[in-house]
Amino acid sequence: MRKIDSYDKDFLISILREMNFIRRFEEKAGQMYGLKKIGGFCHLYNGQEAVAIGAVKALDMKTDYILTGYRDHGHALAVGMDPNAIMAELYGKSTGVSRGKGGSMHMFDVEKHMLGGNGIVGGQIPVAGGVALMQAYKGTGGATLVFFGDGAIHQGSFHETLNLAKIWNLPVVFICENNQYGMGTSYDRVSSVTDYSIMGNSYGIPSWQVDGMDVIAVYEELGKAVKQAKEQALPAFIEIQTYRYKGHSMSDPAKYRSKEDLEAYKQKDPILGLKARMLDAGLITDEQFKEWDKEDKKRVQDAIEFADKSPEPPLSDMYEDILA
Ligand SMILES: Cc1ncc(C[n+]2csc(CCOP(=O)(O)OP(=O)(O)O)c2C)c(N)n1
């Protein structure tokens, strides 16, 4: 675990609270799915909060962009998208971020520089390469950060984009959120190598692994990668070792892993870990945390009420937003 002594107290509190808010949001989304308020696919982010928060804190969202896959609620919240509109999107309501047409996998907000969740495994990787090419071409000074799962490493588009990113000197940071599992199986059963960081090295891209249960480690290592992308036009590939507490999607009972495995990771929980370090350092009290948690639960409850009260999209909406 990285030390926290050199950090500003308010910065640490914001990280702790933002991770906690994602957790509370996801727990409620899971419940609402169970109540059939949310339809379609729904992939929860519980356990991986330190990745989205640590990474986004290392960015300047005025110039930088992020893209991600279908497990995207945490990234959307991390860049400050409106939780009410995110929940309404999950409900398929017209007040949702994609007017209820995208659902869980398609959070998008161009003003917040969040260029989307993507349903196709690895589909966001070449798009991120294109966004970084735009940044380099226009000289915006920004970088693009793209999140994807360990399953996406085996897509051809991952390899093609890494190669082009290095040849074209693109300011892009590739982040593999290795949450140990793909859909229904463990990553080490489907991959000929288990140290994914070698994948970037084979394209001449500096690559390394980071402990994704430690938000400060994610923040510090991403800071290095983003600086390198911006100042040297050098891409980076980071494998963040994390863990998802829930099944792949709401329809996955996660029978391919043991209870012991899950419990072992819960002992390293990113939120409780940072909270414990802050308590030890005398930066916060238990009472304060309980108060913040109450506020977070209330904000999520407000999002539920907003989504519940929002109108369904009219049938005529079916014929809008069609490109071809
Ligand atoms: C091109 C493509 N193939 C298959 C699928 C079906 N699918 C959805 S998620 C998934 C597993 C991906 O696992 P991983 O990348 O490790 O991400 P995680 O869900 O663990 O976050 C698969 C095979 C898909 N959406 N797109």
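One structure accompanies this document, and this report is about it. (Residues numbered from 1 in each chain as written. Predicted model: local features only at pLDDT ≥ 70, side-chain atom pairs only at ≥ 80, totals over all residues. Heavy atoms only, no water.)

What follows concerns the pattern of salt bridges. All told, the structure shown has 22 salt bridges when counted by the stated rule. Among the ionic pairs, Arg17 bridges to Asp296, the shortest N-O distance being 3.4 Å. With Arg17 in helix H1 (residues 9-34) and Asp296 in helix H12 (residues 286-309), this residue pair connects regions lying 279 residues apart in the sequence. Accessibility expressed as a relative area gives 23% for Arg17, which makes it partly exposed. The closest approach of N and O atoms between Arg24 and Asp293, which form a salt bridge, is 2.7 Å. Of this pair, Arg24 sits in helix H1 while Asp293 sits in helix H12, and the two are 269 residues apart along the sequence. A network of salt bridges, in which partner residues are shared, links Arg99, Lys101, Asp317, Glu320 and Asp321. (Salt bridge = Lys/Arg side-chain N within 4 Å of Asp/Glu carboxyl O. Helix = DSSP H or I, 4+ residues; strand = E, 2+ residues; numbered from the N terminus. Buried < 20%, exposed > 50% of the residue type's maximum accessible area, 1.4 Å probe, protein only.)

Surveying the vicinity of the ligand reveals 16 residues, the closest of which are Tyr70, Arg71, Gly119, Gly151 and Tyr181. Between the ligand and Asp150, the relevant distance is 3.1 Å, taken from an oxygen atom to a side-chain nitrogen or oxygen of the residue. Separating an oxygen atom of the ligand from a side-chain N or O atom of Asn179 is a distance of 3.0 Å. In isolation the ligand exposes 590 Å². Once the protein is present, 72% of that is buried. (Near = heavy atom within 4 Å. Polar contact = N/O pair within 3.5 Å; in protein donor to acceptor, adjacent residues only side chain to side chain. Areas by Shrake-Rupley, 256 points an atom, 1.4 Å probe, with all protein chains shown as cover.)

The subject of this paragraph is the sheet that holds strand S4 (residues 207-211). With parallel pairing, the 5 strands of this open sheet are ordered in space as S1-S2-S3-S5-S4. Each edge of the sheet is formed by a strand with only one pairing partner; in this case those strands are strand S1 (65-67) and S4. Looking at each pair of strands side by side, their axes are set apart by 20° on average, direction ignored. Examined bridge by bridge, S1 and strand S2 (residues 144-149) share 3 bridges and lie parallel to one another. Paired with Tyr65 across the bridge in S2 is Thr144. Running at roughly 175° to S2, helix H5 (residues 124-138) makes contact with S1, S2 and strand S3 (172-178) of the sheet. Helix H9 (residues 215-232) contacts S2, S3, S4 and strand S5 (236-241) of the sheet and is inclined by roughly 155° relative to S4. (Pairing = 2+ DSSP bridges. Axes fitted to C-alpha atoms, helices over the stretch in contact; angles between N-to-C directions. Contact = heavy atoms within 4.5 Å.)

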